[in-house]
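# Chains, contacts and geometry: an overview
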Amino acid sequence: VLGTEGALSPRGGEELFALLKERKPRHVLMESFACEEEAQTGAEVPYRKSLHPFGLARAVALTETAGFRGQLSAEVIGVLGTLNVGGSVLFADRLHTVSFDRLVA
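A brief report on the enclosed structure follows. What you see is a predicted model; the values in this text were computed from it and never measured.

Calculation notes
- The numbers attached to residues start from 1 for each chain and follow its sequence in the written order.
- Only residues with pLDDT of 70 or above have their local features reported here, since the model is predicted, and side-chain atom pairs are shown and tallied only from 80 upward, although totals for entire chains, interfaces and linings are computed over all residues.
- Only heavy atoms go into the side-chain values, all of them from the structure, while hydrogens and water stay out.
- Only protein chains enter the accessibility calculation, which uses a 1.4 Å probe; a residue whose area is less than 20% of its type maximum is buried, one above 50% is exposed, and one in between is partly exposed.
- The secondary structure listing takes helices from DSSP runs of H or I that are at least 4 residues long and strands from runs of E that are at least 2 residues long, numbered from the N terminus.
- Whether two residues touch is decided by their heavy atoms; if any such pair falls within 4.5 Å, the residues are in contact.
- To form a nonpolar core, buried Ala, Val, Leu, Ile, Met, Phe, Trp, Tyr and Cys residues must be joined to one another through side-chain atoms within 4.5 Å.

With that out of the way, let us pick up helix α5 (residues 74-84). Two residues of an α-helix separated by three or four positions point the same way, owing to the 3.6 residues in each turn. The element α5 is extensively covered by neighbouring structure, given that eight of its eleven residues are classed as buried. Residues of α5 that are buried include every one of A74, I77, G78, V79, L80, G81, T82 and L83, and no others. Residues of α5 that are buried sit in contact with α1 (12-23), β1 (27-30), α2 (47-50), α3 (53-62), α4 (66-69) and β2 (88-91). Positive phi shows up at G86, right after α5, with a value of about 85°.

We now examine the side chain of S50. For S50, the location among the structural elements is in helix α2. Excluding residues that lie within four positions of it along the chain, S50 makes contacts with C35, E36 and E37.

Residues V45, Y47, V79 and V89 are the most contacted members of the largest nonpolar core, which totals 13 residues. For this core, the secondary-structure elements that each account for two or more residues are α3, α5 and β2. Contacts of V89, omitting those with residues within four sequence positions, involve V28, M30, A43, E44, V45, Y47, V79 and T82.

Trans is the prevailing form of peptide bonds, just as negative phi is the prevailing case for residues other than glycine. Residues other than glycine seldom take positive phi values, yet K24 does so here, at roughly 45°. Here K24 is to be found in the loop between α1 and β1.

Any link to function would need more than the numbers given here.
Structure, rendered in structure tokens:
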């Protein structure tokens, strides 16, 4: 979501979806996830395995419609939009205090 101008506004999901469609990333990194199965840092979040395949396919297809996207958070659009362009979502957890200290230094 970082890098999209209005990430926290209602239009943030639209900007994010447009960015994903334009760049078609192979991988998108997320610091947190909501999935029944665990994911190790650096591994793919197993959305395809833990979500119903028909429901997931339908939701991914519906991301093409602005009305559907308008009902979703930017994080959900990030996941569905990534899957829509054929990418995968990787879990990119980090030690927040260590990395923050390095950024400040």
